[in-house]
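Examining the three-dimensional arrangement
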Amino acid sequence: MASSTSLEISKGGNNEMMGSGQVRKRVIKEEMDADDEYTLDGTVDRHGRPSIRGKSGGWFAGIIILVNQGLATLAFFGVGVNLVLFLTRVLQQDNAEAANSVSKWTGTVYIFSLVGAFLSDSYWGRYKTCAIFQMIFVVGLALLSLSTYLFLVKPNGCGVEALECRTHSSVEIALFYLSTYLVALGNGGYQPNIATFGADQFDEEDSKEGFQKVAFFSYFYLALNLGSLFSNTILGYFEDEGMWALGFWCSTGSAFIALVLFLVGTPKYRHFKATGNPLARFCQVVAAAAKKWRAGVPESGDDLYEVEGKGCAISGGRKIFHTDGFKFLDRAAIITSRDLALQDEGKDSPWRLCTITQVEEVKCILRLLPIWLCTILYSVVFTQMASLFVEQGAAMKTTIGNFKIPPASMSSFDILSVAAFIFLYRRVLDPLVSRLKSKGLTELQRMGVGLIIAIMAMVAAGIVENFRLKSATIDCLNCEGSSSMSIFWQVPQYALIGASEVFMYVGQLEFFNGQAPDGLKSFGSALCMTSISLGNYVSSLLVSVVMKISKEDDMPGWIPGNLNRGHLDRFYFLLAALTTADFLLYIVCARWYKYIKMGGRESNRGTHQEKSEELCV
């Protein structure tokens, strides 16, 4: 009986062992099959687990972000496009004070973009940063709409040239500025992160999704322009007719829908984890290099300090390979006898010894700065659409029969040009160039093309102005429509600006996103916004300098109040000459630039293989 029982137990144990072995094999097979579905770039889902390709990211998440961007842009420009008119007509500021207020507000938007980029890269991550700043954006717009309806537009219907608004109390003025600067904070903190977050939805380690990621930036810029098209036309018309509250409520509704849509897509998003404070890492490299300023720099990077294996000292980032240039920073990664002694004692510090990756992160930023500086003058050309192009159009024939064309609405041709050239580039030019050159045009080459087209735009604007002056009434009192030349002659200069944007700004988005280190992706996008901001300031400074110089000897200057007495064409040609010089400098910087070389990520495949093996043990 005993032997019989033992035999049964033995058989049962063998069956259990065979069953457990089959379970192990099945688990391993399932995990191996699942490995093919995980992204290769290290992205995670909202729970911190590695992203599954078929269940997250891709165009489903990308389209949500594109629509979100279009609606948010509509909301922002619904306020920004006519803010100067609101200040003059409703708050009764003079033109100079209103223009100064708008300049400060616009500059603040771009300053806040750096704040949003810093919080995103360092602590919150892109999703959380986008969500929080969009909420602030909605609150600011709602407060602006409510205060406009209840306090500011009084009596009802004021805010047009025919009916003046009453004087407002200091509390009401304070409420207005609080709401508008909340709008600036919300939009500024959101903008540099949403483009990068959208790019995060595409796995650049996968050939198919890598191509889709490049296409995403073109469609992102298109969504931005389509959003501004609606606000510049429909909402601009409402506000110009004195329906300020209606225009602001439309902006609020658009921003709220954008926020809800963004939150609805939460389960489908892919995320990169924040990498810590980049300012601290930057300062550590500078401090460590300064402490070892007497140390000799090795010829190659083989003897410099780096973390072993695939891991990186910067959490969540990839290793960056050593490059020549900025050799003085390499001292931060030199391992001295003092560093070895401190390591043995467990007292090593990043303020004395930094990894090659950390040093190269600083080098990347230093290499990007000259390219970024060369884009500022392009932004000077771009900003003329919102200022001198409008003034030039106002002095031309703006009527077709009894219908008057608002000069500012000519910017619609810029937006249509952007849409057309994005389609032409993606469907025609890029495939054609790819046949001649395997990888097509690089981002730097496309930005150079953008500068060339910008020069053509300024030349076209100068030629149009030259002909306009020949058909203008010089001694006019009200110079609006004082020329018999149709405003539609401005279409070429607007169309060329639109074409240049496709090459410059889309290329800029791709370039800074691709070349910024993993811990500074949002900062790369913020550089695009700050170049536009500085372009505004440089344009204002350039106009002031030109007017001061050209007013000598009792001359009215190139850009007087009466354009028919000035020479706006000469200013356009000056911009063309300056942009040409900038283009030549850009060629030098682009040739000098060295592309970043990164190591591979610790892929989700490896992570999940290790987990499957743990389950099998």
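Since this is a predicted model, take the numbers as computed values, not measurements. (Residues numbered from 1 in each chain as written. Predicted model: local features only at pLDDT ≥ 70, side-chain atom pairs only at ≥ 80, totals over all residues. Heavy atoms only, no water.)

1. Some thoughts on the packing of aromatic side chains
Note on aromatic pairs: each is described by the distance of the centres and the angle between the planes. Applying the stated rule across the entire model yields 33 aromatic pairs. A ring pair is formed by phenylalanine 216 and phenylalanine 217, whose centres lie 6.1 Å apart and whose planes are at 70°; its orientation type is edge-to-face. Residue classification places phenylalanine 216 among the buried residues on the basis of a relative accessible area of 0%. Look at phenylalanine 326 and tryptophan 592: their rings are 6.2 Å apart centre to centre, the planes differ by 80°, and that puts the pair in the edge-to-face class. One end of the pair, phenylalanine 326, is in the loop between helix H9 (278-291) and helix H10 (327-330); the other, tryptophan 592, is in helix H18 (residues 568-592), and 266 residues separate them in sequence. (Phe/Tyr/Trp six-rings, centres within 6.5 Å; stacked < 30°, edge-to-face > 60°. Buried < 20%, exposed > 50% of the residue type's maximum accessible area, 1.4 Å probe, protein only. Helix = DSSP H or I, 4+ residues; strand = E, 2+ residues; numbered from the N terminus.)

2. Some words on the pattern of salt bridges
If you walk through the whole model with that rule in mind, you get 19 salt bridges. With its nearest N and O atoms 2.8 Å apart, the salt bridge here joins arginine 270 to glutamate 209. With arginine 270 in the loop between helix H8 (244-264) and H9 and glutamate 209 in helix H7 (residues 207-240), the pair connects residues that are 61 residues apart, well separated along the chain. Arginine 270 sits in the buried class, given a relative accessible area of 0%. Overlapping salt bridges bring together Glu204, Glu205, Lys213, Arg318 and Asp518 as one network. (Salt bridge = Lys/Arg side-chain N within 4 Å of Asp/Glu carboxyl O.)

3. Side note on the confidence of the model for the protein chain
The predicted coordinates ought not to be read in detail in places where the model reports low pLDDT. Mean pLDDT for the protein chain: 83, with 88% of residues reaching 70 or above. The secondary structure element of the protein chain with the lowest average pLDDT is helix H19 (residues 604-616), at 42, and the one with the highest is H18, at 95. Within the model, pLDDT remains below 50 along residues 1-11, and this stretch shows 0 contacts once partners closer than five positions in the same chain are excluded. Across residues 31-35 the pLDDT falls below 50, and counting only partners more than four positions away or on other chains, this stretch makes 7 contacts in the model. (pLDDT = per-residue confidence, 0-100. Contact = heavy atoms within 4.5 Å.)

4. Remarks on the side chain of histidine 168
Residue placement: histidine 168 occurs in the loop between helix H5 (126-152) and helix H6 (170-200). Judged by its relative accessible area of 13%, histidine 168 is buried. Separated by 2.6 Å, the side chain of histidine 168 and the backbone oxygen of leucine 152 make a polar contact. Within polar-contact distance, the side chain of histidine 168 engages the backbone oxygen of arginine 166 at 3.3 Å. With near-sequence residues (within four places) excluded, histidine 168 lies in contact with Val90, Leu91, Phe151, Leu152 and Ile173. (Polar contact = N/O pair within 3.5 Å; in protein donor to acceptor, adjacent residues only side chain to side chain.)

5. Some remarks on a nonpolar patch on the surface
On the surface, a nonpolar cluster with roughly 480 Å² of combined accessible area is contributed by Leu146, Tyr149, Leu150, Phe151 and Trp249. For leucine 150, the location among the structural elements is in helix H5. Residue leucine 150 is classed as partly exposed on the basis of its relative accessible area of 41%. (Patch = residues over 30% accessible without salt bridge, like charges linked within 9 Å, V, L, I, M, F, W, Y side chains within 5 Å. Areas by Shrake-Rupley, 256 points an atom, 1.4 Å probe, with all protein chains shown as cover.)

6. Focus on the environment of alanine 223
Structurally, alanine 223 is set in helix H7. What alanine 223 contacts, discounting residues up to four positions off in sequence, is Leu66 and Gly70.

7. Details of unusual backbone geometry
In this structure, phenylalanine 326 takes a positive phi of about 50° despite not being glycine. We classify phenylalanine 326 as partly exposed; its relative accessible area is 23%.

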